[in-house]
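# Working through the structure, step by step
Residues per chain, in single letters:
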Amino acid sequence: MKLLFAPFSIIASRIAGLTGRKLADRIWSLIDDRRPPQPDEPVPSWGKFAAALVIQGAIFRLVSGLADQAARRWFARLTGRWPGEKPEPEQAKGGGSAE
């Protein structure tokens, strides 16, 4: 099943990367007129550099998680099988051990 799901995952990852980059750039443009500082260039301030990294990281994680979930749902609709392991019923409810 992993081999069949691989193309779905690759396409979703590529779309997520492009979407995330554009979204991060758009959000950064609300903060500063220049492009976000990069690690390989002189940094104008640690604060701007840290803010850029936080924004880029949060957006990347959000968009890639949404894209992965969408690819898995799409694959399941087409094949009738969920790619990967399904969570146990206890985990699916959000429950856990009450220690």
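Being a predicted model, the structure only gives us computed values, none of them experimental.

A separate point is the overall build of the protein chain. From N to C terminus, the protein chain includes three helices and zero strands. If you list the helices and strands of the protein chain from N to C, you get α-α-α. Out of the 99 residues in the protein chain, the part that is buried amounts to 20%. A separation of at least 24 residues holds for 53% of the contacts in the protein chain among residues at least 6 apart in sequence.

When pLDDT is low, close inspection of the predicted coordinates is not appropriate. The predicted model of the protein chain averages 86 in pLDDT, with 86% of residues at 70 or higher. Confidence, expressed as mean pLDDT per element, reaches its minimum in the protein chain at helix 3 (residues 89–92) with 61 and its maximum at helix 2 (residues 46–79) with 93.

Turning to helix 1 (residues 2–31), a few remarks are in order. Spanning 30 residues, helix 1 covers 41 Å between terminal C-alpha atoms, matching the ideal 44 Å at 1.5 Å per step. Along helix 1, the residues classified as buried are Phe-5, Phe-8, Ala-12, Ala-16, Gly-20, Ala-24 and Trp-28. Residues of helix 1 that are buried sit in contact with helix 2.

Enumeration according to the criterion identifies five aromatic pairs in this entry. With centroids separated by 5.1 Å and ring planes inclined at 80°, the aromatic side chains of Phe-8 and Phe-75 adopt a geometry described as edge-to-face. Highlighted residues: Phe-8 in helix 1 and Phe-75 in helix 2, separated in sequence by 67 residues. The two residues Phe-8 and Phe-75 agree in class, both being buried. Taking the centre distance of 6.3 Å and the plane angle of 70° together, the rings of Trp-46 and Phe-49 count as edge-to-face. Residue Trp-46 and its partner Phe-49 are both found in helix 2; the two are separated by three residues, about one turn of the helix.

Once that is clear, we can look at the packing of helix 1 against helix 2. Here helix 1 crosses helix 2 at 150°, and the two axes come no closer than 7 Å. Viewed along their axes, helix 1 and helix 2 form a crossing whose handedness is right-handed. When grouped by side-chain class, the residues that make up the contact of helix 1 with helix 2 number 20 nonpolar, four polar and three charged.

Each value, and the rule that gives it
- Residues numbered from 1 in each chain as written.
- Predicted model: local features only at pLDDT ≥ 70, side-chain atom pairs only at ≥ 80, totals over all residues.
- Heavy atoms only, no water.
- Helix = DSSP H or I, 4+ residues; strand = E, 2+ residues; numbered from the N terminus.
- Buried < 20%, exposed > 50% of the residue type's maximum accessible area, 1.4 Å probe, protein only.
- Contact = heavy atoms within 4.5 Å.
- pLDDT = per-residue confidence, 0-100.
- Expected span 1.5 Å × (residues − 1).
- Phe/Tyr/Trp six-rings, centres within 6.5 Å; stacked < 30°, edge-to-face > 60°.
- Axes fitted to C-alpha atoms, helices over the stretch in contact; angles between N-to-C directions.
- Left-handed = near helix turned anticlockwise from the far one by under 90°.
- Nonpolar A, V, L, I, M, F, W, Y, C, P; charged D, E, K, R; others polar.

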